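# Coordinate inspection notes
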Amino acid sequence: MPLKPVSVMWESTIACGLLCKHCKASARTERDLRELTTEESYAFIDQIVAFGKPYPILRITGGNALRREDIFDLIRYAKDAGLTVTIAPSTTPLLNRKNIEKLKEAGCDTVAISIDGVTPEQHDAFRGVPGTFERLVKATEIMRELRLPFRLLTTVTKHNVRELPEIMFLAKRLGAIGWYLYMLIPTGRATEELALSPEEYEDVFNFVYDVMRLPLITVNAIAGSEPYRRVAVMRRLVEEGMLDQSALMQGELYAHLRQKLEQLTRDVELPEVEVKGSGYKPKDKKVFGKGIFVAHKGEVYPSSFMPVTLGNVREDTLEEIYSSSEVLKELHDATKLKGRCRVCEFNDICRGSRSRAYAVTGDYLAEDPYCAYVPGRIELPDVDKEAILNELRVTNFSRRVS
């Protein structure tokens, strides 16, 4: 198993002023008295530093991290220790100029805020509070002025999936350095009724492949998007003539998204993009594993969407919890998977969404219930799938239009 997680996501507080339909934390209006204290939070940051260089990234989330009066001191402490720090605050009145300036002064590397629609009505309906969209736009204006980098995050649901091209272009216009997509995991307030079908997710992953090839904005598909890696490899093999086009599963939703994308880019002058010969050097896999999640009371989980307790930072160090966890060892071992994921020819790069399997079945090793692929459906050429993914990443991350 890898020596350390690539990132540590910290639910700094459960308190939030929004009522988001998909909230995994089921956030509430008041802070929990059992949250890590300021001193415990300093000690927790020390535990991340103890992993050694290169350090895991500290990703601060909530609830709304700005509800903690000590959050700026904690960011400054983490930065002084050498950590890269990102924060994902809620777009409430607390995300104002004064607090954005304090985030900048504390040394925060990147701010991540959510955008779930292209109109105030669509976005605010998902976030549960009128005026959220307007505050989001104002916050991006201030961050651009202060040169504080920010990403925009979109949770993909039936609520907004058909507007994804417009949301991406809005993220570009607002000045985001990246647009990150989360596939809905039915946990917390999120219900399966908001989720797409397996075939619709397949269409979204094909759309993501298309936009990753455009030098417009950095695009990344993260939580619940593990099958994207399979789709990307299949798309590349089709381009190389090593797979037939019929191997791809592309339905009506993909056709809709593709048509919108072509309409939006019709009058945009895009430079040529060369894929081969990128020279990309991925991080050492022997060092970095996937991220882990620390909840507001100190419990450690494999992810924010998988509440399987590994330990608590109040009782043991993150290093001890990470290195001794049998759950993490199982999650890193493809031979432990069940159902289709166990026998899939892509499980070396995908393994399905473990969080989604757990949310739907209660078993984190079960097959991904929202993956449309049937193992053995294609005759897979003998290729280095990880090398293909590394090549495709650089196409997106190094050739953006500024």
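The shown structure was predicted, so the numbers you read here are calculated from the model rather than taken from an experiment.

## Digging into the confidence of the model for the chain
Residues at a pLDDT of 70 or more form 89% of the chain, whose mean pLDDT is 89. Low confidence marks residues 272-282, where pLDDT is under 50. Its contacts with residues over four positions away, or in another chain, come to 20 contacts. Predicted confidence for residues 396-402 stays below pLDDT 50, and this span has 22 contacts to residues more than four positions away or in other chains.

## A short note on the sheet that holds strand β8 (residues 218-221)
The sheet built from 10 strands is open, its strands ordered β8-β7-β6-β5-β4-β3-β2-β10-β11-β12 with mixed pairing. Looking at the sheet topology across the chains shown, the edges are occupied by β8 and β12 (311-312). Across two bridges, the pairing between strand β4 (residues 85-87) and strand β5 (residues 110-114) is parallel. Within β5, the position partnered with Ile87 by the bridge is Val111. Strands β5 and β6 (150-156) of the sheet are contacted by helix α5 (residues 132-146), whose axis makes an angle of about 165° with β5.

## Examining helix α4 (residues 120-127)
Along α4, the residues that are buried comprise Gln122, His123, Asp124, Phe126 and Arg127. At its buried positions, α4 is contacted by β5 and α5.

## Some details on the pairing of β5
Across the five residues that make up β5, a large majority, four, are buried. In the classification by handedness, the crossover that spans β4, the intervening helix α3 (residues 97-106) and the parallel β5 is right-handed. When β5 meets β6, the two strands line up parallel, connected through four bridges. Paired with Ile113 across the two strands is Leu152, which belongs to β6.

## Quick word on empty space enclosed by the protein
Counted under the stated rule, the structure contains one cavity of 30 Å³ or more. Taken together, 14 residues make up the lining of the largest cavity; nearest its centre are Arg340, Cys341, Cys344, Cys350 and Cys371. Classifying every residue of the lining of the largest cavity gives seven nonpolar, two polar and five charged.

## Observations concerning the packing of helix α7 (residues 198-212) against helix α9 (residues 252-265)
Where α7 contacts α9, the two axes come as close as 8 Å, and the packing angle between them is 25°. Considering their axes alone, α7 and α9 lie roughly parallel with respect to each other. By crossing handedness, the relation of α7 to α9 is classed as right-handed. Seen from α7, the contacting residues are Glu200, Asp203, Val204, Asn206, Phe207, Asp210 and Val211; seen from α9, they are Glu252, Leu253, Tyr254, Leu257, Arg258 and Leu261. A per-class count over the contact of α7 with α9 returns seven nonpolar, one polar and five charged.

## Points about the side chain of Thr265
Locating Thr265 in the fold gives a position in helix α9. Residue Thr265 is classed as buried on the basis of its relative accessible area, which comes to 15%. Of note is the side chain of Thr265, whose polar atom sits 2.8 Å from the backbone oxygen of Leu261. If sequence neighbours within four positions are ignored, Thr265 has contacts with Phe169, Leu214 and Leu216.

Cut-offs used in this document
- Each chain has its residues counted from 1, running along the sequence as written.
- In keeping with the model being predicted, local features are shown solely for residues with a pLDDT of at least 70 and side-chain atom pairs are shown and tallied solely at 80 or more, while totals for entire chains, interfaces and linings include all residues.
- Note that water and hydrogens are dropped before the side-chain values are worked out from all heavy atoms of the structure.
- Across the chain, each position has a pLDDT score giving the predictor's confidence in that residue, from 0 to 100.
- What makes two residues a contact is simply this: any of their non-hydrogen atoms within 4.5 Å.
- The pairing criterion for strands is at least two bridges between them, as found by DSSP.
- Only runs of H or I of at least four residues qualify as helices and only runs of E of at least two qualify as strands under DSSP, and these elements are numbered from the N terminus.
- Axis geometry follows a simple rule: fit a line to the C-alpha atoms, using only the stretch in contact for helices, then measure angles between N-to-C directions, giving values from 0 to 180 degrees.
- For the exposure calls, accessible area comes from a 1.4 Å probe over protein chains only, and a residue counts as buried if that area is under 20% of its type's maximum, exposed if over 50%, partly exposed in between.
- By the criterion used throughout, a crossover qualifies as right-handed when its path from the first strand across the helix to the second strand runs clockwise, the strands pointing away from the viewer.
- Only protein atoms enter the 1 Å grid, on which a cavity is a set of points fitting a 1.4 Å probe that cannot get out and a pocket is an open set with protein on both sides within 12 Å along at least 5 of 7 lines, lining residues being those with an atom within 4 Å of a point.
- Grid points are joined across faces, edges and corners, and a volume is the space filled by probe spheres set on the points.
- Each residue gets one label: Ala, Val, Leu, Ile, Met, Phe, Trp, Tyr, Cys and Pro are nonpolar, Asp, Glu, Lys and Arg are charged, and the others, such as Gly, are polar.
- Convention used here: angles under 35 degrees read as roughly parallel, angles over 145 as roughly antiparallel, angles from 65 to 115 as roughly perpendicular, and any remaining angle as oblique.
- Definitions for this section: a left-handed crossing has its near helix turned counterclockwise from the far helix by less than a right angle. A right-handed crossing has that turn clockwise.
- Any N or O atom pair separated by 3.5 Å or less is treated as a polar contact, with the protein-specific requirement of one donor-capable and one acceptor-capable atom, and with residues adjacent in sequence counted only for side-chain atom pairs.

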